[in-house]
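One-letter residues, chain by chain:
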Amino acid sequence: MAVKTHLWVSLWFLITIPVIFWDAGYCFMRPRSMVGGDLHWIWKPYALYQDIDYIYGWKAYEERDGFTNAQSLLNLVENVMNIAYLYLAHVKGTPAATLLGFASAVMTLSKTALYWLQEYYCQGCSVGHNDLQTLIVYWVIPNGLWLLVPSFVVWRLGKDIASSLYVAEKVAKKEASGKKQ
């Protein structure tokens, strides 16, 4: 059985791969990647973001908050899974790609939910200082995308996995009853 691919799922993985590498690079290269650092030119947009989300800024860095880099390390694992999905789906054509893509999307969704829940339970300790418009435009919308799209990927690939399992179950039942296909 060949892998069933969906253009929008593959595009999501393809587009997010460089974004994830860039973000992880910023996190792992702090303080050199931050405003005033010799490598900041690579991550210039973070000049604004490090003041919007303190987990990316000086506060978390100076407090040695490990969440930023822990999440970034998991982002790299996720990225390897995204690359592997694209390879297995579009080069090898193996159905295992669907399971890997599903697992990667679940990972993205879980990490992003954790990121949001952390803010909820610490009462906005990293983003609560922003006015509502700044919070919505620069934190809720961009981070919400990392909840919304992976949710759809999980749903789509989950349906594909379930469909394959139903087919396999029918075949197994036929074989068990002694009928030929």
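Let us look at the structure shown here. (Residues numbered from 1 in each chain as written. Predicted model: local features only at pLDDT ≥ 70, side-chain atom pairs only at ≥ 80, totals over all residues. Heavy atoms only, no water.)

## Some thoughts on the environment of D160
Argument step 1. Its place among the elements puts D160 in helix α6 (residues 132–176).
Argument step 2. Expressed as a C-alpha distance, the spacing of D160 and L14, which sit 146 residues apart in the sequence, is 20 Å.
Argument step 3. A distance of 2.7 Å separates polar atoms of two side chains, one belonging to D160 and the other to R156. (Helix = DSSP H or I, 4+ residues; strand = E, 2+ residues; numbered from the N terminus. Polar contact = N/O pair within 3.5 Å; in protein donor to acceptor, adjacent residues only side chain to side chain.)

## Some details on empty space enclosed by the protein
Vacant regions in the atomic arrangement are exposed by a probe of water-molecule size rolled over the atoms.
Argument step 1. Going through the model one piece at a time under the given rule, you end up with one cavity of 30 Å³ or more.
Argument step 2. In this model, the largest cavity occupies a volume close to 60 Å³.
Argument step 3. Considering the residues around the largest cavity, the lining is formed by D23, C27, I55, Y56, F67, T68, Q71, S72, N75 and Y115.
Argument step 4. Looking at the lining of the largest cavity, the elements with two or more residues in it are α1 (7–28) and α4 (67–92).
Argument step 5. The element that contributes the greatest number of residues to the lining of the largest cavity is α4, accounting for five residues.
Argument step 6. Here the lining of the largest cavity is composed, by residue class, of five nonpolar, four polar and one charged. (1 Å grid on protein atoms, 1.4 Å probe; cavity = no way out; pocket = protein on both sides within 12 Å on 5 of 7 lines; lining within 4 Å. Points joined across faces, edges and corners; volume = space filled by probe spheres on them. Nonpolar A, V, L, I, M, F, W, Y, C, P; charged D, E, K, R; others polar.)

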